[in-house]
Amino acid sequence: MLVASNRGPLSYAVDEHGGLTARRGGGGMISALEAHEEPVTWVCAALTDGDRAAVRASRDGLLRNPASETHPAAQTVRMLEIDRVIFDRAYNAVANRTLWFIAHLLFDTPHTPSFGHSWNGDWAAYEHYCATFAAALAADAAPDGKVMIQDYHLVLAPRLLRELRPELRISHFTHTPWASPDYFRLLPDPVAVAVLRGMLGADRLGFHCRRWADAFLSCCDAVLSADVTGDEVTFEGRTTTVAVHALGVDGQGLRKRAQAVDVTSRRDILREQVDGRRLLLRIDRTELSKNIVRGLDAYRELLRSHPELRGEVTHLVFAYPSRHDLPEYREYTAAVQRMAYDISQEFGRPGWEPVRLEVSDDFPRSLAAYELADVLVVNPVRDGMNLVAKEGPVLSRNDLSLVLSREAGAVAELGADSFVVNPYDVTQTSEALWEALEQPAAERNARCRRLADAATALPPAQWFSEQLAAL
Ligand code: G6P
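Reading the values: rules and limits
Sequence order sets the numbering: in each chain, residues are counted from 1 along the sequence as written. This being a predicted model, a pLDDT of at least 70 is required before a residue's local features are given, and a value of 80 or more before pairs of side-chain atoms are given or counted; all residues contribute to the totals for chains, interfaces and linings. Think of the side-chain values as coming from all heavy atoms in the structure, minus any hydrogens and water. In the cavity and pocket records, a cavity denotes points on a 1 Å grid over the protein atoms alone where a 1.4 Å probe fits but cannot get out, a pocket denotes an open set with protein on both sides within 12 Å along at least 5 of 7 lines, and lining residues are residues with an atom within 4 Å of a point. Grid points are joined across faces, edges and corners, and a volume is the space filled by probe spheres set on the points. Each helix is a run of DSSP H or I of at least 4 residues and each strand a run of E of at least 2, with the numbering of both proceeding from the N terminus. For this classification, Asp, Glu, Lys and Arg are treated as charged, while Ala, Val, Leu, Ile, Met, Phe, Trp, Tyr, Cys and Pro are nonpolar and the rest, including Gly, are polar. If a single non-hydrogen atom of a residue is within 4 Å of a molecule or strand, that residue counts as near it. Polar contacts here mean pairs of N or O atoms no more than 3.5 Å apart (in protein, one a potential hydrogen donor and the other a potential acceptor; neighbouring residues in sequence count only if both atoms are side-chain atoms). Methods summary: accessible areas were calculated by the Shrake-Rupley approach with a probe of 1.4 Å, and residue burial reflects only the protein chains presented. Two residues form a contact once any of their heavy atoms are found within 4.5 Å.

Enquirer: Mind showing me how you'd approach the layout of surface pockets here?
Expert: To find the voids left in a structure, one rolls a probe of water-molecule size over its atoms. For the second largest pocket, the calculated volume is near 310 Å³. Lining the second largest pocket we find 15 residues, and of these R97, F107, T112, P113 and E328 sit closest to its centre. Among the elements of the structure, α3 (84–104) and α4 (117–140) are those that each provide at least two residues to the lining of the second largest pocket. In terms of residue count, the dominant contributor to the lining of the second largest pocket is α3 (four residues). Across the lining of the second largest pocket, the residue classes break down as seven nonpolar, four polar and four charged.

Enquirer: Quick question: what am I supposed to make of the site of the ligand here?
Expert: Lining the immediate environment of the ligand, one finds R7, Y91, N96, W100, D151, Y152, H153, H175, R285 and R323. Y91 has a polar side-chain atom sitting 2.4 Å from an oxygen atom of the ligand. Burial of the ligand by the protein chains amounts to 72% of its free accessible area of 370 Å². Class assignment for the residues of the shell around the ligand results in three nonpolar, three polar and four charged.

Enquirer: What's the story with the environment of E167 in this structure? I'm lost.
Expert: With respect to the helices, strands and loops of the structure, E167 is situated in the loop between α5 (157–164) and β8 (169–173). Separated by 23 residues in the primary sequence, E167 and D144 place their C-alpha atoms 5.9 Å from one another. Those residues in contact with E167 that lie beyond four places of it in its chain are A142, P143 and D144. Only 3.4 Å separates the side chain of E167 from the backbone nitrogen of D144, close enough to count as a polar contact.

What follows is the structure in structure tokens.
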């Protein structure tokens, strides 16, 4: 069995003596596969200089994942060395700046996107990148093997692999939202067709919620005039099944991880910082789709409209760096910092920091913060699923209240027990923060328990094995 994704389960760094050290990545896919009992080869891109050095130092290009050594079937990783210019154009210009923007409705349409000569070269690089993956998968797959391809970086790979190895069982999973036909058609027509055709090379296509699956089916109808019957799409003589698999979190694993000393020590530090005040928390990559600036604006409105809260609450904002090669992300990071600064200027006083912005990525500190939070703010403009919304209630010791965007995939499972908001409506979000803070204890407790149950309904290992079985 093969898994393919842009970012793999581990990454190498070169240490000060020139040696290579491997570091395990995070995320649902990784924990799912670590629990999996059969041999897996994970094909990914070499992203760092250390990754490239590790590939060159290996004999056959295959790396053993040290994190999987305790498991019966050790996991093997094949990292593909892709020309740096091609990788940059495929990953940054097409995957992150075009397909991600389409999926999350991020364009400022009077100005972007604009598809001209230079972008056509980017698209050619993306085709090359997907073809490199398809060739590696075709070479590694056993006869009648199964290949599970992940995400928007690799939408052309199912079709390209099908052409090389028609007998394989191929799936593709989209971890992002899917745009409705009107927005999807911002793409140049041949590109819109290629994206859908590429994915329909798979036998099964997975999405995190019904809404994204339906949007994909509508695009197949509107763009390809494919035969869409229920959850099946027939196009050019092949039928592909579309399915919903709502990724959840591993409650037991998460609670166990939170008992480690690196988490408990951070909990003590945070508790001291919070100093008995009520804690509003958000944890995100500094990502355009996460809507951090409007979230902070809503907190500012809360402090303006409820002066009695000043000095009584604190907002902890963990916003760690992401995709800094893109100018939009650098500008957004600055906007988040400006907004946090403005709030501090308006309300801060000796002994009280209204907002505390932390930009370093510290996983154990995030777990500790979940335990202490009273309100968790998850207000993305759009999100495929959002696992922060699921991790929080599982670890909460304070029966946290969840303020959740109606545009996050997680709302399908968590909406009934959350304060659901339109992510563009700052006033509504501010009112939801107030209601979440004011929620009576008994109701908080009941809701938080139900949220934790819903969040753990489909843990990663089961999410993965169900897809594998269906394939
Ligand atoms: C999203 C995508 C993943 C991606 C992650 C981090 O969750 O669905 O495929 O790996 O963001 O983004 P990055 O660009 O750092 O890999």
